[in-house]
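Breakdown of the fold
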Amino acid sequence: MAKLTSFLGLLVFGFLCFICLPVEAALKKYQFDVKLSNVSRLCNAKQMVTVNGGFPGPTIYAREGDRVQINVTNYVQYNLSIHWHGLKQYRNGWADGPAYITQCPIQTGNSYVYDFNVTGQRGTLWWHAHILWLRATVYGAIVIMPQQGTPFPFPQPDREEVLVLGEWWNADVEAVEKQGNALGIPPNMSDAHTINGKPGPLFPCSEKHTFAMEVEKGKTYLLRIVNAALNDELFFALANHTFTVVEIDAVYTKPFTTDAILIAPGQTTNVLVRANQVPGRYFMAARAFMDAPISVDNKTATAIFQYKGIPETVLPKLPTLPAQNDSDFALSYNSKLKSLNTPKYPANVPLNVDRHLLFTVGLGINPCPTCLNGTRLTASLNNISFIMPQTALLQSHYFNIKGVYTPDFPDKPPTPFNFTGAPLTANLRTNVGTRISKIAFNSTVEIVIQDTNLLSVESHPFHLHGYNFFVVGTGVGNFDPKKDPAEYNLIDPIERNTVGVPTGGWTAIRFRADNPGVWFFHCHLELHTGWGLKTAFLVEDGPGSDHNVLPPPKDLPTC
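Residues numbered from 1 in each chain as written. Predicted model: local features only at pLDDT ≥ 70, side-chain atom pairs only at ≥ 80, totals over all residues. Heavy atoms only, no water.

Quick notes on the overall build of the protein chain
Helix and strand content of the protein chain: five helices and 32 strands. Scaling as 2.2 N^0.38, a compact globule of 559 residues should have a C-alpha radius of gyration of about 24 Å, and the protein chain matches this with 24 Å. Considered along the principal axes of its C-alpha atoms, the protein chain spans approximately 95 × 65 × 55 Å. When each of the 559 residues of the protein chain is scored for burial, the buried share is 58%. Put simply, of all contacts in the protein chain between residues at least 6 apart along the chain, 79% involve residues at least 24 apart. Just so you have it, the protein chain exposes about 22900 Å², and 55% of that area is on carbon and sulfur atoms. (Helix = DSSP H or I, 4+ residues; strand = E, 2+ residues; numbered from the N terminus. Rg over C-alpha atoms; globule rule 2.2 N^0.38 Å. Buried < 20%, exposed > 50% of the residue type's maximum accessible area, 1.4 Å probe, protein only. Contact = heavy atoms within 4.5 Å. Areas by Shrake-Rupley, 256 points an atom, 1.4 Å probe, with all protein chains shown as cover.)

And the structure:
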């Protein structure tokens with residue numbers, strides 16, 4: 001009996017030792033073949049650029065702590081690169097992906113291995129092409145699961161589903177962009193929105209191009225929602241059901257319930273939905289949000305939330321989406337987004353700021369003798385329209401190549417004015433150039449992004465590569481540096497990588513510059529990015545080799 005007791009004790013001890021051992025990080029490998037594929041939508045067939053023949057492309061699955069290697073082989077006529085949107089890439093800008101910022105693009109017939117670790121992040125992110133308008137069709141989701149044995153900080157769902165919202169053009173997207181650039185005017189807007197690459201049955205020839213997910217009464221589903229659209233912020237809702245928002249941009253949130261979500265290009269949102277209605281077929285729907293006098297694709301994409309056992313002959317019910325220009329919903333929804341701020345998931349908001357920046361967002365008109373009206377639409381930050389270099393900024397910084405950029409981007413607009421007052425139609429001495437901002441390692445930075453009424457006010461989603469940031473304040477009208485900071489949320493502000501600046505308003509963000517390298521900062525409306533609404537931050541190396549940019553990989557593309 002004593003021997004049996006001793007054996008059982010050893011067995012239990014061994015089991016406890018086993019479960020206490022740290023789980024080794026896995027190596028996840030993917031092959032991305034970028035090639036032309038034949039795709040049909042809206043009664044039209046065309047060849048377009050895809051990854052592994054899919055639209056959207058494959059979902060990347062990993063766990064927090066894993067190492068990921070993705071070999072991208074370019075079989076198309078365009079040079080391209082891929083950005084892993086929201087992954088921090090600590091010291092490893094070589095894997096970030098924006099063409100001519102951290103790397104030269106992958107040339108036709110060549111390959112490049114993106115090699116990175118997933119550290120301190122879990123949730124939903126996404127990947128997309130980062131050159132020209134190729135991300136219209138080259139995109140997909142990234143799902144990062146928590147480490148083994150770590151539960152979600154919300155009720156465990158019975159199942160998950162990835163929903164990637166996008167756009168569809170009947171014409172070749174690159175031809176659409178080139179035509180707009182040649183004429184100096186906005187390119188033609190998309191012909192449809194899509195959910196997982198499918199527009200849904202409200203469009204012609206689209207009954208078979210409708211995404212459907214089957215659900216069971218009483219079960220709870222986690223929807224991982226990505227907005228991969230080029231130019232449209234989107235409302236998203238599900239008929240007769242409510243959402244509980246639990247995560248945005250791979251950061252857990254204080255849960256709250258809503259009938260619809262607002263999601264800007266570049267953003268991700270995870271929601272829980274319980275199948276608690278009368279069994280039937282219900283539409284999930286996505287439609288554009290635009291509260292400025294600017295044309296957008298206002299057509300509604302749909303997918304089906306179908307209860308098990310309900311025949312497909314039952315007509316789905318449409319949800320009631322907010323009105324296209326519902327600014328009040330947009331402001332109210334964003335105000336509900338808060339960080340969890342728990343001991344396990346703290347909100348480490350910088351309370352003291354070393355560097356205060358004010359960036360004004362402006363549209364403008366520059367001379368263009370060959371364009372339709374003799375002018376070309378431009379966009380600028382602090383009256384500077386960014387010119388893409390021909391050598392990647394990170395490479396020129398790392399190898400000390402001169403003449404590629406100047407580190408003198410201004411901390412504030414050179415010409416102050418009533419930013420959101422009466423519409424202004426003249427440029428304020430808009431300059432062009434490759435000017436970036438140099439930031440000291442580990443310094444704390446606050447950026448107030450201020451919309452302006454140059455030509456028109458408009459909402460702008462801004463994305464910062466290499467970092468998350470805290471959204472400490474937002475408002476309508478002009479930012480007041482004497483009054484507005486007193487209203488900042490420095491307790492549990494939402495942490496994210498892409499934030500919407502309200503139409504005719506401002507947003508204040510803070511971050512600690514602890515990731516050395518060159519990091520892109522730009523509007524995630526592809527139209528505005530192409531017009532020059534972008535810059536970059538050069539974050540200097542820190543003390544010691546473990547705070548320096550890593551050496552580049554041997555297969556780094558050359559320009």
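Some words on the sheet that holds strand β24 (residues 437-439)
A sheet is described by the order of its strands in space; here five strands give the open sequence β24-β32-β31-β26-β29, paired in mixed fashion. The open sheet has two free edges, formed respectively by β24 and β29 (498-501), since each of these has just one partner strand. Between one strand and the next, the sheet's axes are offset by a mean angle of 20°, whatever the strand orientation. Judged from the four bridges that link them, strand β26 (residues 460-464) and β29 form a sheet pairing that is antiparallel. Bridge pairing in β29 links H463 to T498. (Pairing = 2+ DSSP bridges. Axes fitted to C-alpha atoms, helices over the stretch in contact; angles between N-to-C directions.)

Thoughts on the nonpolar core
With 83 residues, the main nonpolar core has F236, F305, I447 and F521 as its most contacted residues. Per-element tally for this core: the top contributor is strand β18 (residues 281-289), with six residues. Judged by nonpolar contacts, the second largest core, of 46 residues, contains A99, Y112, W127 and L538. (Core = buried A, V, L, I, M, F, W, Y, C linked by side-chain atoms within 4.5 Å.)

Remarks on the UniProt feature "domain: Plastocyanin-like" (unreviewed entry) in the protein chain
UniProt tags residues 34-148, 161-309 and 408-541 as "domain: Plastocyanin-like" (unreviewed entry). Span residues 34-148 is 0% helix and 46% strand, its end C-alpha atoms 33 Å apart. End-to-end, the C-alpha atoms of residues 161-309 are 19 Å apart, and along that stretch the chain is 7% helix and 48% strand. (UniProt positions renumbered as here; feature names shortened; annotations may be inferred.)

Topic: the pairing of strand β11 (residues 212-215)
As a general feature of sheets, a regular strand has side chains that alternate between the two faces. Alternating residues of β11 divide into M213 and V215, all buried, and A212 and E214, none buried. With four bridges connecting them, β11 and strand β19 (residues 301-307) associate as parallel partners. Residue V215 lies in a different strand from β19, and its bridge partner there is Y307.

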